[in-house]
Amino acid sequence: MKKLILMLNVIMVGSFLMLGCRNEKKEFDLVTAKKAIQERSNIYVDAVNKKDSVGLSHCYTVDAKLMAPNEKSAEGRAAIQKMMGGWMKTGMPHLSIETVEVWGDDNALTAEEIWTFKDKDGKILDQGKAVEVYKKEDGVWKLHRDCFNSDMPMMK
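From a predicted model like this one, the values you see are computed outputs, not experimental measurements. (Residues numbered from 1 in each chain as written. Predicted model: local features only at pLDDT ≥ 70, side-chain atom pairs only at ≥ 80, totals over all residues. Heavy atoms only, no water.)

**Observations regarding unusual backbone geometry**
Then, number 1: Within the chain, Lys 51 stands out as a residue other than glycine whose phi angle is a positive 60 degrees.
Then, number 2: In this structure, Lys 51 sits in the loop between α2 (30–49) and α3 (53–57).
Then, number 3: Residue Lys 51 is classed as partly exposed on the basis of its relative accessible area of 38%.
Then, number 4: Phi at Asp 138 takes a positive value of approximately 55 degrees, unusual for a residue other than glycine. (Helix = DSSP H or I, 4+ residues; strand = E, 2+ residues; numbered from the N terminus. Buried < 20%, exposed > 50% of the residue type's maximum accessible area, 1.4 Å probe, protein only.)

**Points about the packing of aromatic side chains**
Then, number 1: In total, this model carries 4 aromatic pairs according to the counting rule given.
Then, number 2: With a centroid separation of 6.3 Å and 90 degrees between ring planes, the pair formed by Trp 87 and Phe 148 is classed as edge-to-face. You can see Trp 87 sitting in helix α4 (residues 77–89) and its partner Phe 148 sitting in strand β6 (residues 140–150), a full 61 residues away along the chain.
Then, number 3: The class of Trp 87 is partly exposed, set by a relative accessible area of 24%.
Then, number 4: Seen in terms of ring centroids, Trp 115 and Phe 148 are 6.1 Å apart; in terms of plane orientation they differ by 90 degrees. Their pairing is edge-to-face. With Trp 115 in strand β4 (residues 109–118) and Phe 148 in strand β6, this residue pair connects regions lying 33 residues apart in the sequence.
Then, number 5: Site record: aromatic cluster; members linked through ring pairs are Trp 87, Trp 115, Phe 117 and Phe 148. (Phe/Tyr/Trp six-rings, centres within 6.5 Å; stacked < 30°, edge-to-face > 60°.)

This is how it looks when you write it as structure tokens:
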């Protein structure tokens, strides 16, 4: 009888320990995620406005893809640096970005953003929207896929 009681106690203690150790999924905080993406966008904007193509390229994952309108995609950090560096050499105007919405989880985030290019006097030269996929690289959210287009009518 003592063996039976001992076995039941071991089973009960083991059961409680297993229940206590179960993997409870923590709810993902999208408000915090949106703030993190806006902070990353601010770093991106600073690099563009300083004409820092190297710093800008490090806003992207190693295997990122930049899908700009009217040209082939730039795949990988080096290609993105080359594309953006070329644009910067032509005299890119001042950029601003606003994060509109973010959705996703710990694995990947998708962001809807609006962007504006202004000249030195504040006149809007171009504006549009972007859909971007972020993924963590070395614990930091970075652009993994970047696709954007203009709201301005096409020139004829």
